[in-house]
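# Structural overview
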Amino acid sequence: MPTAYRETVVDALYSALAEIGSGTGGPWNATAAVQVERVEQIANASPNLPIIYLAGKDEIYEQRASESTWNLYWRTMTVRILYFVEAWTPDTTISGCLHDLELALADPTLGGMVSDIVLRSNRPLYDESGAPLTGLELIADIKYRTASNAPASRR
């Protein structure tokens, strides 16, 4: 079964975010490469920080054109990006996390894989137990095109 283009988009996003901490993108905290996961878990359950969860991937379809046997769509995939780090200073750490994410997503086409990425909102996340775990939730809208008769390729 061919992979849906949606998976290609998520993989491109995964690859862009995996560059955080590698020293290639100039992130604020280059001490450790970030671990990126496709499935949201409890942040405290993971021993590896920093970590990013690509959570909540839902889509909106807008019809561009149609024939009797297929439709062309503009798709807007909304992704919740949850970025957790270990920190004792939440305010500056959250600013640094946002800086990391903005640098990682500086190419709004993900190398030509999508039409555009729009960063819609961000909010801080804190560990309620008082542990030094801090994070950020970033909502990104990713726009791309497909056809119903060719969902494995961009149109």
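Going by the structure above, here's the rest.
What you see is a predicted model; the values in this text were computed from it and never measured. Every chain is numbered on its own, with residues counted from 1 as its sequence reads. At least 70 in pLDDT is required for a residue's local features to be given in this predicted model, at least 80 for side-chain atom pairs to be given and counted, and no such filter applies to totals for whole chains, interfaces and linings, which use all residues. Hydrogens and water are ignored here; the side-chain numbers use all heavy atoms of the structure.

## Brief notes about the overall build of the protein
Put simply, DSSP marks the helices as runs of H or I at least four residues long and the strands as runs of E at least two long, and each gets a number from the N terminus on. A tally of helices and strands in the protein yields two helices and five strands. Ordered by position from the N terminus, the helices and strands of the protein form the series α-β-β-β-α-β-β. Out of the 155 residues belonging to the protein, those deemed buried represent 41%. The contact criterion used is simple: two residues touch if any of their non-hydrogen atoms lie within 4.5 Å. Taking the intrachain contacts of the protein between residues at least 6 apart in sequence as the baseline, contacts between residues at least 24 apart amount to 62%. Reported accessibility uses the Shrake-Rupley method at a 1.4 Å probe radius. Residues are deemed covered only where the shown protein chains occlude them. Total accessible area on the protein stands at roughly 8000 Å², and carbon and sulfur atoms take up 52% of it. Partly exposed residues are those whose accessible area sits between 20% and 50% of the maximum for their type, while under 20% is buried and over 50% is exposed, using a 1.4 Å probe and protein chains only.

## Brief notes about the nonpolar core
Residues belong to a common nonpolar core when they are buried Ala, Val, Leu, Ile, Met, Phe, Trp, Tyr or Cys residues joined through side-chain atoms within 4.5 Å. By size, the foremost hydrophobic cluster in this structure holds 32 residues, and its most contacted members are Leu17, Ile52, Leu54, Ile81, Leu101 and Leu105. Contributions of two or more residues to this core are made by α1 (5-17), β2 (51-66), β3 (71-86), α2 (90-104) and β5 (133-147). Element by element, the count of residues in this core is highest for α1, at seven residues. In this structure Ile81 touches Leu17, Ile52, Tyr53, Leu54, Leu101, Leu105, Leu136, Glu137, Leu138 and Ala140, once residues within four positions along its chain are discounted.

## So, unusual backbone geometry
Even without being a glycine, Leu110 presents a positive backbone phi close to 50°. Considering the arrangement of structural elements, one finds Leu110 in the loop between α2 and β4 (116-126). The buried category is assigned to Leu110, whose relative accessible area is 10%.

## Thoughts on α2
Here, expected helix span is obtained from the residue count minus one, scaled by 1.5 Å. Helix length check: α2 (15 residues) gives 21 Å between terminal C-alpha atoms against 21 Å at 1.5 Å per residue, within 8%. Listed as buried for α2 are Thr93, Ile94, Gly96, Cys97, Leu98, Asp100, Leu101 and Ala104. Where the residues of α2 are buried, they touch α1, β2, β3, β4 and β5.

Everything listed here is a matter of geometry and, on its own, says nothing about what the molecule does.
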